[in-house]
Amino acid sequence: MVSHQVVRALLLYYTSLTGFTGPLHVFLSRERFEVIRRRRKYDESAAPEHKDFAATLTGRPPVTWVNLAKHRTVHALADTCAHEAVHIALPDLRHGEEFTRRKRLLLRGLGF
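Residues numbered from 1 in each chain as written. Predicted model: local features only at pLDDT ≥ 70, side-chain atom pairs only at ≥ 80, totals over all residues. Heavy atoms only, no water.

*Asks:* Describe in detail the sheet that holds strand β2 (residues 54–57), supporting the description with residues and values.
*Replies:* The strand order β1-β3-β2 describes an open sheet built from three strands, whose pairing is mixed. Each end of this open sheet is capped by a strand with a single partner; those strands are β1 (25–27) and β2. Averaged over all pairs of adjacent strands, the angle between strand axes in this sheet comes to 15°, irrespective of strand direction. Across the sheet, helix α1 (residues 4–18) touches β1 and β3 (63–66), and the angle it forms with β1 is around 140°. (Pairing = 2+ DSSP bridges. Helix = DSSP H or I, 4+ residues; strand = E, 2+ residues; numbered from the N terminus. Axes fitted to C-alpha atoms, helices over the stretch in contact; angles between N-to-C directions. Contact = heavy atoms within 4.5 Å.)

*Asks:* Summarise the environment of L93; cite the residues concerned and give the values.
*Replies:* Mapped onto the elements of the fold, L93 is located in the loop between α3 (74–89) and α4 (97–107). For the pair L93 and P61, spaced 32 residues apart in sequence, the C-alpha to C-alpha distance is 18 Å. The contact partners of L93, leaving out residues within four places of it in the chain, are V86, E98, F99 and R102.

*Asks:* For the side chain of T56, give the residues involved together with the corresponding values.
*Replies:* Relative to the helices and strands, T56 is located in strand β2. Among the polar contacts listed, one links the side chain of T56 to the side chain of T64, at a separation of 3.0 Å. Once residues within four sequence positions are removed from consideration, T56 is found in contact with F33, V63, T64, E84, H87 and I88. (Polar contact = N/O pair within 3.5 Å; in protein donor to acceptor, adjacent residues only side chain to side chain.)

*Asks:* Help me get a handle on the pattern of salt bridges, residues and values and all.
*Replies:* Enumeration according to the criterion identifies five salt bridges in this entry. A salt bridge links R30 to E34; its shortest N-O distance comes to 2.9 Å. Of the two residues, R30 and E34 both sit in helix α2 (residues 30–40), four residues apart, roughly one turn of that helix. Across the salt bridge formed by D79 and K103, the nearest N and O atoms sit 3.1 Å from each other. (Salt bridge = Lys/Arg side-chain N within 4 Å of Asp/Glu carboxyl O.)

*Asks:* With reference to specific residues and values, describe the pairing of β3.
*Replies:* Consecutive side chains along a regular strand alternate between the two faces of the sheet. Covered by surrounding structure in β3 are V63 and W65 together with T64 and V66, the residues of both alternating faces. Pairing of β1 with β3 involves three bridges; the strand directions are parallel. Across the sheet, V26 pairs through a bridge with T64, a residue of β3. As judged from the four bridges shared by β2 and β3, these two strands associate in the antiparallel manner. Bridge pairing links L57 to V63 in β3. Linking two consecutive strands that pair antiparallel, namely β2 and β3, is a turn of five residues; a positive phi of about 125° is found at G59 within it. (Buried < 20%, exposed > 50% of the residue type's maximum accessible area, 1.4 Å probe, protein only.)

Function cannot be read off these values alone, since they describe shape.
Shown next as structure tokens:
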């Protein structure tokens, strides 16, 4: 079983490649994440296509939730963590070709 420390380490690694510095909160509990989402008044319908895998609330500090039950391999978990790292580093960048290009750079160990 993958632990919280592994997820946090992956997120910290990928966010460091983006140049992001600062605190980062990581949750594996959807319930705790939702409490923070309501407190920050985030729209619950944001990014519904990824809602079951992970989500990030941008801001200071960013808050990320990862659903371990949806990740069957470490590769899938790394892909999700890189995806969330792009959201953390570039909160205004929408999903699309540029988003995917940057995520792939992170997965290859390259920064942007």
